[in-house]
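What the coordinates show
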Amino acid sequence: MIWTNDPSRLMMVAGMSVGYALVCLAPYLRTRRKRQAAARAKAEAAASPGWIVTYASQTGNADELAQQTAATLKLAGIPARLCELSELEAQDLQEAERILFLVSTYGEGDAPDAAAGFAGRLMTTSLPLPKLHYAVLALGDSAYAQFCGFGRALDQWLQAQGAQSLFPRVEVNRSSEQAIGQWRQQLSHLAGTSDAPDWSAPAFDAWRLSERVQLNAGSAGAPVYHLELEPLNGALPAWQSGDLVQVAAPADPSRAREYSIASIPADGRVHLLVRLHTHDDGSHGVASGWLTQQASLGETVQLRLRQHRRFRLEGNVERPLILIGNGSGIAGLRGHLKARVLAGQGRNWLLFGERNAAYDYHYRAELDGWQRDGMLEKLDMVFSRDQTERRYVQDRLAEQAEAVREWIAEGAAIYICGSLEGMAAGVDAALEAALGRDGLDALAVAGRYRRDVY
Ligand SMILES: Cc1cc2nc3c(=O)[nH]c(=O)nc-3n(C[C@H](O)[C@H](O)[C@H](O)COP(=O)(O)O)c2cc1C
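Quantities reported herein were computed from a predicted structural model and do not represent experimental measurements.

So, how was this worked out
- Residues numbered from 1 in each chain as written.
- Predicted model: local features only at pLDDT ≥ 70, side-chain atom pairs only at ≥ 80, totals over all residues.
- Heavy atoms only, no water.
- Salt bridge = Lys/Arg side-chain N within 4 Å of Asp/Glu carboxyl O.
- Helix = DSSP H or I, 4+ residues; strand = E, 2+ residues; numbered from the N terminus.
- Buried < 20%, exposed > 50% of the residue type's maximum accessible area, 1.4 Å probe, protein only.
- Contact = heavy atoms within 4.5 Å.
- Near = heavy atom within 4 Å.
- Polar contact = N/O pair within 3.5 Å; in protein donor to acceptor, adjacent residues only side chain to side chain.
- Areas by Shrake-Rupley, 256 points an atom, 1.4 Å probe, with all protein chains shown as cover.
- pLDDT = per-residue confidence, 0-100.
- Expected span 1.5 Å × (residues − 1).

Quick look at the pattern of salt bridges now. Evaluated as defined, the whole model comprises 28 salt bridges. With a closest N to O distance of 3.5 Å, Glu84 and Arg310 form a salt bridge. Here the residue Glu84 occupies a position in strand S2 (residues 80-84), and Arg310 occupies one in the loop between strand S12 (300-306) and strand S13 (321-326), the gap between them amounting to 226 residues. In terms of burial, Glu84 and Arg310 fall into one category: buried.

Now the structure itself:
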């Protein structure tokens, strides 16, 4: 302790003490201010649960637009929760003030697979939503009888619950740029911003058609071709098994056609399986005719890759896989099998249907090889016309209900690729018989029942 009577020294000591106290106090005050600000923000968030951007998507269009919608809001300083429709509970709908729904339609006017649970669980009930303001972007294709069926049903249900629409439902026919522009404009208006980011789709790139082989000469079905393509300039872009390509045919560049990719980047090329489509009047499909008949080897193809998140392996990479399909659906399943072989995972079961083993056993040598090497644990090929009565992949699946239950109990995921008519509904019914509707819906919600059917 220092004793002094000198007033100037006393002043100095007092000054130093106050300074020291301030130095000690500053971090405390800073922390307290931060804590108070955080508590205020939390209270504000609780008082105003804000905006939700939610999507139901099968092949990724609605998903992509939902991400762009959320990004536009963020740019305008509006934080929004972005989630799949299946993640929303009754309470979310009741508490949120604004929800933007971006939903596609699948099957015959149905919800996309992952949203089937939401439709069954909530849209069949009565749920007062007087606080909710919402908007719907409905994606669809007017070639289907139930155009935007799910988006319309969702909109009607929300209205019936007393929710108020922010602006009339926007319907997008075949990814129409004009309708998407309309949604973007409404959104900018709502968010009070004029500098919404550019939403235009990525440009097509020039690829070379390097290989084309018919796989099913002599078949009772339409010709099927295996195609291989390489980028004309630059490196091979990245993609994952399950992804798609869009091809712009010279005769109709405004309407790109989608094909599942049948290879993985390790193959060094994009492989496609294209079935030649012939109309009743004998003319060929615009894209399939051009790719398989008119374009010569070496010709340039305008192509772009498209992520197909709902059909990727994603969280299922470690699980056993049940792969089911028919016809050109082998393309998407082959991509997955190739990815599994590369990863050294052999717990794969392929159930596949075609017409005749003699002509339509696509990629037989490859499948045989994988089976020999322990990469394909179980293989069920079903040829509908190789016996007197017609037999399909769903019939084989129904006989294998016990094995399906075992694989699912072991954590398996199911991937379906092929035709909507005939196959998808039959397979869905066989799976329902084996696992129950609730069981199948739960798998869909968990991302363990994924379909790419067309
Ligand atoms: C197998 C299949 C069935 C479809 N069924 C319908 C339908 O019934 N009504 C409709 O408007 N659109 C239908 N569509 C079109 C999709 O809704 C449209 O392609 C949409 O852009 C897909 O968006 P998504 O990628 O977010 O799932 C169907 C598409 C496919 C492939």
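All right, on to the environment of Trp370 then. Relative to the helices and strands, Trp370 is located in helix H10 (residues 364-372). Along the backbone, Trp370 and Lys338 are 32 residues apart, and their C-alpha atoms lie at a distance of 9.4 Å. If we skip the residues at most four places from it in the chain, Trp370 touches Arg334, Leu337, Lys338, Val341, Met375 and Leu376.

Let's shift gears to the environment of Ser104. Relative to the helices and strands, Ser104 resides in strand S3 (residues 98-104). Through-space distance from the C-alpha of Ser104 to that of Leu137 is 8.3 Å; in sequence the pair is 33 residues apart. In this view, Ser104 contacts Ala56, Ser57, Gln58, Ala62, Asp110, Pro112, Leu139 and Phe150; residues no more than four positions away in its chain are not counted.

Our focus in this paragraph is the site of the ligand. The environment of the ligand is made up of 22 residues, and the closest members are Ser57, Gln58, Thr59, Thr105 and Cys148. Interatomic distance of 2.6 Å between a backbone N/O atom of Gln58 and an oxygen atom of the ligand. At a separation of 2.8 Å, an oxygen atom of the ligand approaches a polar backbone atom of Gly109. When the ligand sits alone it has 640 Å² of accessible area, and the protein chains cover 91% of it.

Here the focus is the confidence of the model for the chain. In this model, the chain carries a mean pLDDT of 90, and residues with pLDDT of at least 70 account for 88%. Scored below 50 in pLDDT, residues 41-48 makes two contacts in the model with residues more than four places away or belonging to other chains.

Attention now goes to helix H6 (residues 177-191). Counted at 1.5 Å a residue, the expected span for H6 with its 15 residues is 21 Å, and the 21 Å between its end C-alpha atoms agrees. For H6, the complete set of buried residues consists of Ala179, Ile180, Trp183, Leu187, Ser188 and Ala191. In this structure, the buried residues of H6 make contact with helix H2 (61-75), S3, strand S4 (133-140) and strand S6 (170-173). Gly192 occupies a position one or two residues after H6 and carries a positive phi of about 65 degrees.

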